[in-house]
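# Per-entry structural report
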Amino acid sequence: SQLFIKDLHFDGVPVRIYLPRDPSASKRRGVIFIHGGCGIFGSIRSYERVCRYIASKSDSVVVSVGYHLAPEHKYPAQTLECLAATVHFLKTAETYGVDPARIIVCGDSVGGTFTASVCQELGHRTDIPKIRAQVLIYPFLQALNFNLPSHQKNAAVAFLSRERAVHFILRYLNKDCSLKEPILAGSHVPESINLKYRKWINPDLIPDVFKLGYKPPPPTEFLPQVHEEVQEVFEPWFSPLLAEDAVVGGLPDTCIVTCEHDVLRDEGLLYKKRLEDNNVHVTWHHVEKGFH
């Protein structure tokens, strides 16, 4: 009753828009919401209550993006659709009573990945309004190292175990799931790439309070054939944590939510450090009893 809800297409991408019914004295804020589900599950419908809640509680216009799912729609179709819908909304915001300077992008899990990618892609564009902020809710941000402290601690936690995380990555990329074990071991990453990204993906960068009981994994053998099969995971669009500093430095204010009992916890912590090192303002919320 508080919201006017309509299904539309933004540049060919299905969206559902939630507009507060009460008139507003000034232009409202806008929220682009990108749902989670590993890129292979989830929908506008499954996040209906979340989007209604955000629109009502924050008196904002919410656009929920219904990107098409993998593997039927091949990577990076999902990122491209989220990007297209975001650009369309930034250009047409005033049509919906939204201030184009007050639009945030928000997503959970892989929705956080797509949010990070969209903001990285648009950070230096001058032909459209700047995104005001990004909200990353326990985002997936890298596929190089599955032996960080949070991967070890939460390896068998319900919903998203360490093994299941890699299984879903392979499903999303439409790869053979037999690659799971060598990827979990890190055999897909050559030493040159490990050395290059050690400054950004490294257990030493995780605060000590999150490393209780952590054991460094044994060295693993590099398998070139596995590396060849999963080239996509080394792209910043797939692993936003690998973006160069010039890109990270152009990002908007950021809110990161991490959960204690989540295999992806440390990716959020590592991205928080990278953003802060590049002078991006970060607000961090850690849910001590939370899980993915």
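Conventions and cut-offs
- Per chain, residue numbering runs from 1 following the sequence as it is written.
- Side-chain atom pairs in this predicted model are given and counted only at pLDDT of 80 or more, local residue features only at pLDDT of at least 70, and totals for whole chains, interfaces and linings cover all residues.
- As a rule here, side-chain values come from all non-hydrogen atoms in the structure, and water together with hydrogens is ignored.
- Note that the domain bounds reflect an automated or database-derived domain assignment.
- Pairs of residues are marked as contacts when any of their non-hydrogen atoms sit within 4.5 Å.
- Here the quantity called buried area is the accessible surface, traced with a 1.4 Å probe, that two parts lose on coming together, added over both.
- Basic side-chain nitrogens of Lys or Arg form a salt bridge, by our definition, when they fall within 4 Å of a carboxyl oxygen of Asp or Glu.
- Distance and chemistry together define a polar contact, namely a pair of N or O atoms within 3.5 Å, with one atom able to donate a hydrogen and the other to accept it when in protein, and with adjacent residues in sequence counting only for side-chain atoms on both sides.
- By definition, any uninterrupted DSSP run of H or I lasting at least four residues is a helix, any uninterrupted run of E lasting at least two residues is a strand, and each is numbered from the N terminus.
- Any residue outside Ala, Val, Leu, Ile, Met, Phe, Trp, Tyr, Cys, Pro, Asp, Glu, Lys and Arg is labelled polar, Gly included; the first ten of those are nonpolar and the last four are charged.
- A pocket here means an open set of points on a 1 Å grid, computed over the protein atoms alone, that has protein on both sides within 12 Å along at least five of seven lines. A cavity is instead a set of points where a 1.4 Å probe fits but cannot get out; residues with an atom within 4 Å of a point line either one.
- Grid points are joined across faces, edges and corners, and a volume is the space filled by probe spheres set on the points.
- Relative accessibility decides the category of a residue: with a 1.4 Å probe and only protein chains considered, values under 20% of the type maximum give buried, values over 50% give exposed, and everything between is partly exposed.
- To estimate how far a helix should reach, multiply one less than its number of residues by 1.5 Å.

If you look the protein up in an unreviewed UniProt entry, it shows as ADCL4 protein from Anthoscopus minutus.

The subject of this paragraph is the domain arrangement of the protein. Considered domain by domain, the protein is made up of domain 1 (3–142 + 238–291) and domain 2 (149–234). Taking the mean C-alpha position of each, domain 1 and domain 2 sit 25 Å from one another. With 33 residues of domain 1 in contact, the opposing surface of domain 2 contributes 29 residues. Here domain 1 and domain 2 share an interface that buries about 2,900 Å² over both sides, 70% of which is from carbon and sulfur atoms. For domain 1, the biggest contributors to the area lost against domain 2 are Phe238, Leu242 and Val263; these three give 24% of the whole. Applying the counting criterion to the domain 1 and domain 2 interface returns one salt bridge. At the boundary of domain 1 with domain 2, the tally comes to nine residue pairs in polar contact (both at pLDDT 80 or more). For the side of domain 1 that touches domain 2, the secondary-structure elements that each account for two or more residues are β7 (253–261), α10 (265–277) and β8 (282–291). With seven residues, α10 is the largest single contributor of residues to the side of domain 1 that touches domain 2. Classifying every residue of the side of domain 1 that touches domain 2 by side-chain character gives 18 nonpolar, six polar and nine charged.

In this structure, the largest pocket spans a volume of roughly 630 Å³. In terms of lining residues, the largest pocket is bounded by 26 residues, among which Asn145, Asn194, Arg198, Pro217 and Thr220 are the most central. Those elements that provide at least two residues to the lining of the largest pocket are α6 (180–185) and α7 (191–197). Here the lining of the largest pocket takes four residues from α7, the largest share from any one element. Along the walls of the second largest pocket sit Arg29, Gly30, Val31, Ile54, Ser58, Ser60, Arg102, Ile104, Cys106 and Arg132, which together make up its complete lining. When contributions to the lining of the second largest pocket are tallied by element, the ones reaching two or more residues are β3 (28–34), α1 (48–58) and β5 (98–108). A per-class count over the lining of the second largest pocket returns four nonpolar, three polar and three charged.

The general pattern is negative phi for most residues beyond glycine and trans for most peptide bonds. Note that the residue after Ala70, namely Pro71, is joined by a cis bond; omega there is 0 degrees. Take Pro71: it is sitting in the loop between β4 (60–65) and α2 (77–92). Residues other than glycine seldom take positive phi values, yet Asp11 does so here, at roughly 55 degrees. Of note, Asp11 is situated in the loop between β1 (3–10) and β2 (13–20). For Asp11, a relative accessible area of 56% puts it in the exposed group. Look at Phe159: it is not a glycine, yet its phi comes out positive at around 75 degrees. Mapped onto the elements, Phe159 comes out in the loop between α4 (149–153) and α5 (162–172). Its relative accessible area of 59% is what places Phe159 among the exposed residues.

Quick look at α10 now. Taking 1.5 Å per residue as the helical rise, α10 with its 13 residues ought to reach 18 Å, and the 19 Å between its terminal C-alpha atoms agrees with that figure. In terms of burial, α10 is largely enclosed, as 10 of its 13 residues are buried. Listed in full, the buried residues belonging to α10 are Arg265, Asp266, Glu267, Gly268, Leu269, Leu270, Tyr271, Lys272, Arg274 and Leu275. At its buried positions, α10 is contacted by α3 (110–122), β6 (133–137), α4, α9 (245–248), β7 and β8. One or two positions beyond α10, positive phi appears at Asn279, with a value near 65 degrees.

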